[in-house]
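# Working through the structure, step by step
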Amino acid sequence: MTSTMSGGEALARSFAAHESGDMFGMGGFQLLPFYAAVRTLGMRHHLINDERTGAFAADAYARMTGRPGVCDATLGPGATNLVTALAESTNAGVPLIAVTGDTHRGYSGRHMTQETQQVEILRPAAKALLRVEQPERIPELVRRAYTIATSGRPGAVVLDVPEDVCHAQVTMPEDAFWTDAETHGVPARRTRPDQHTLDRAVALLATAERPVLLAGGGIHLSGAHEALAAFVRAWGVPVAHTMSGKGSVSCLDPLSIGLFGRYSRYANDLIKTADLVVVAGCKLGEIATERYDLLPPATPMIHIDVLSEDFGRTARPTVALWGDAASTLTDLAAASSTTTRTGYLEEIDGRRRTWQERTRPRLTTDERPINVARLVHELNGMLPADAVLIADGGFAAHWTGLLYDTKQAGRGYVADRGLASIGYGVPGALGAALAVPDRPVVALSGDGGLNMSLGDLETLRRADVNATIVVVNNAASGYVKALQHVLFDGGYQSSDLSEIDYGAVASALGCHGVRIEDPEALAPALTEAVTTPGPSVVDVVVTRDPAKMLPGVDKRAASKRADDRIA
Ligand SMILES: Cc1ncc(C[n+]2csc(CCOP(=O)(O)OP(=O)(O)O)c2C)c(N)n1
Ligand SMILES: [Mg+2]
């Protein structure tokens, strides 16, 4: 049996066969046969107002479902608008597939309208770029895109489809659209380290007295939450996390010691006095390591990663365990002899109590403008355990990374730390709300980040998703302004924004919108927003004083060296 269809229909059928879910894009002539098939096949596709936000929404969708996010863009400006988001997904190891229309090959290079070197522009931002030259090969190349996006360290894949390929008529055998179910989500397949290296790791764990585990976003990508819990219980190891790794264990777990790296509650202190560091699914990049300064070089390190070529890239492992985080942690948990570290765990409890006492005044302060710590405290208080908090770049991520508590293990916190762009909050809320419609979704965004993606509040409204955008409104490019305060003696340049009531803006766009200046009004306003159907915006007026904006002592500001980079 064969059937004849357009290349665009073959494309849509290939995605449908992979159970692609919600897709995001903005059409153009080249991909219209794909759009026609999406319609007739009844697939879910959302028009967005900027391709970057479409790809960000797909990224958040992928983080919440584990399945590759799917987005599309027309040639030229549509394709080039994808770059930032593709780099986010690729850096963060998030599976994503972006379809780009491209010029008709019969005329390429003749100053076609909107023509640019998009293949060359997009390729380095993606894990791979596949150019579709023959319509017959569409099912094969979509399969390949899924395999690449979900294997090893996941990432973004671009499928570049020339106009004539998309518009061609092609005869396909019925079985052309087969898929490999293991590649429908991450991780495509699980690898395990060999026994020899596992034995060496177990020997280190057995003699350690002050071990610390550092968890990164790889725990979520691997779905390693249960394995991690089994490991840390079996070996008595406290867990620190990066922003991407928040939720590896519940932040309220007695073994959780919170964020480490640039900002830390007390995890950095424990890392400095550890006699063994176990790193799981974490790249040990600049922020996690305080610019490669945090891990004492003499401390033994067990490094678990799925990407073999990354071992030794930023720090020297004593034992490199090449494997999937869940498989590897399961093997290590099984090898544990009963371990009691009573004194060590009591010390950790003491440090936690001291930190809580020191921090409580900031969390509960009724100062006006509102302290961002109070805002995060209110979110901690009112959000249920299954809530999802999206944190945009800027202070939204800094403050929540440090102070927000996930109440259960799993992906309950999404921050775009792959590239740390601002403008992720609104599209992140869209993607997450579509991915997990039964869970409360709240996005925290700076006013600058909101300005970047304001047009897509219209998309949230049209998609009729239940999502709340909380604006950390400091009328500034706040992080930049705070650094100018600390490092440039208050010489502020291009870091002020207008005073805007984003609650009123949201209302004008047909969303539920409110502006909050009184800290006592926060909790009821947040609860109302979360329970009001459709999109809501809670505009929170926070401090405008650049001396009070940073969430903690930024070590770089405390002792600045000539070669320090500050953002
Ligand atoms: C696309 C992009 N441009 C520039 C930056 C650098 N940057 C980091 S934080 C920040 C301030 C953003 O302002 P806002 O969104 O209001 O957040 P705030 O720091 O005020 O909370 C900027 C410009 C960035 N992260 N992303
Ligand atoms: Mg701001």
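My aim in this report is to walk through the structure given alongside it, one point at a time. (Residues numbered from 1 in each chain as written. Chains lettered and ligands numbered in written order. Predicted model: local features only at pLDDT ≥ 70, side-chain atom pairs only at ≥ 80, totals over all residues. Heavy atoms only, no water.)

## A closer look at the packing of aromatic side chains
Tallied over the entire structure, the rule returns seven aromatic pairs. Consider the rings of phenylalanine 56 and tyrosine 424, whose centres lie 5.0 Å apart with planes at 65 degrees: the pair is edge-to-face. Residue phenylalanine 56 is located in helix α3 (residues 51-65), and its partner tyrosine 424 is located in the loop between β16 (413-415) and α17 (425-435); the two are separated by 368 residues in the primary sequence. Above the ring of tryptophan 178, the side-chain terminus of arginine 143 is found at 3.8 Å from the ring centroid. The positively charged end of lysine 481 is found above the aromatic ring belonging to tyrosine 492, 5.2 Å away from the centroid. (Phe/Tyr/Trp six-rings, centres within 6.5 Å; stacked < 30°, edge-to-face > 60°. Helix = DSSP H or I, 4+ residues; strand = E, 2+ residues; numbered from the N terminus. Lys NZ or Arg CZ within 6 Å of the ring centre and 35° of its normal.)

## Concerning the pattern of salt bridges
Tallying each qualifying case throughout the model produces 33 salt bridges. Of the charged contacts in the structure, one is a salt bridge between arginine 63 and glutamate 88, with a shortest N-O distance of 2.6 Å. Note that arginine 63 is positioned in helix α3 and glutamate 88 in helix α5 (residues 83-92), a separation of 25 residues in sequence. Of the two residues examined, arginine 63 and glutamate 88, each falls in the buried class. The residue glutamate 133 makes a salt bridge to arginine 105 at a minimum N-O spacing of 2.8 Å. Highlighted residues: glutamate 133 in the loop between β6 (128-131) and α7 (138-150) and arginine 105 in the loop between β5 (96-102) and α6 (118-122), separated in sequence by 28 residues. Under the relative-accessibility criterion, arginine 105 is labelled partly exposed at 31%. (Salt bridge = Lys/Arg side-chain N within 4 Å of Asp/Glu carboxyl O. Buried < 20%, exposed > 50% of the residue type's maximum accessible area, 1.4 Å probe, protein only.)

## Concerning helix α14 (residues 342-364)
The end-to-end C-alpha distance of α14, which contains 23 residues, comes to 32 Å, matching closely the 33 Å that a straight helix rising 1.5 Å per residue would cover. At arginine 358, α14 is bent by approximately 35 degrees, the largest bend along its length, and proline proline 361 sits one to four residues beyond. Taken together, the buried positions of α14 are occupied by Tyr344, Ile348, Arg352, Trp355, Thr359 and Leu363. (Expected span 1.5 Å × (residues − 1). Bend = angle between axes of the 7 residues up to and from the residue.)

## Overview of the coordination of the magnesium ion (ligand 2)
Protein-derived ligands of the magnesium ion (ligand 2) are Asp447 (OD), Asn474 (OD1) and Ala476 (O), with the metal-ligand distances lying across 2.0 to 2.1 Å. Mapped onto the sequence, the donors of the magnesium ion (ligand 2) take the spacing D-x26-N-x1-A. You can see aspartate 447 sitting in helix α18 (residues 447-453) and its partner asparagine 474 sitting in the loop between β18 (467-473) and α20 (478-487), a full 27 residues away along the chain. (Donors = N, O, S within 2.8 Å, 3.2 Å for Na, K, Ca; no water.)

## With respect to the environment of isoleucine 257
Turning to its location among the elements, isoleucine 257 is positioned in strand β11 (residues 256-259). The exposure class of isoleucine 257 is buried, given its relative accessible area of 0%. In sequence terms isoleucine 257 and arginine 352 are 95 residues apart; their C-alpha atoms lie 7.6 Å from each other. Excluding its chain neighbours within four sequence positions, the residues that come into contact with isoleucine 257 are Val212, Pro238, Val239, Ala240, Tyr266, Ala267, Leu270 and Ile348. (Contact = heavy atoms within 4.5 Å.)

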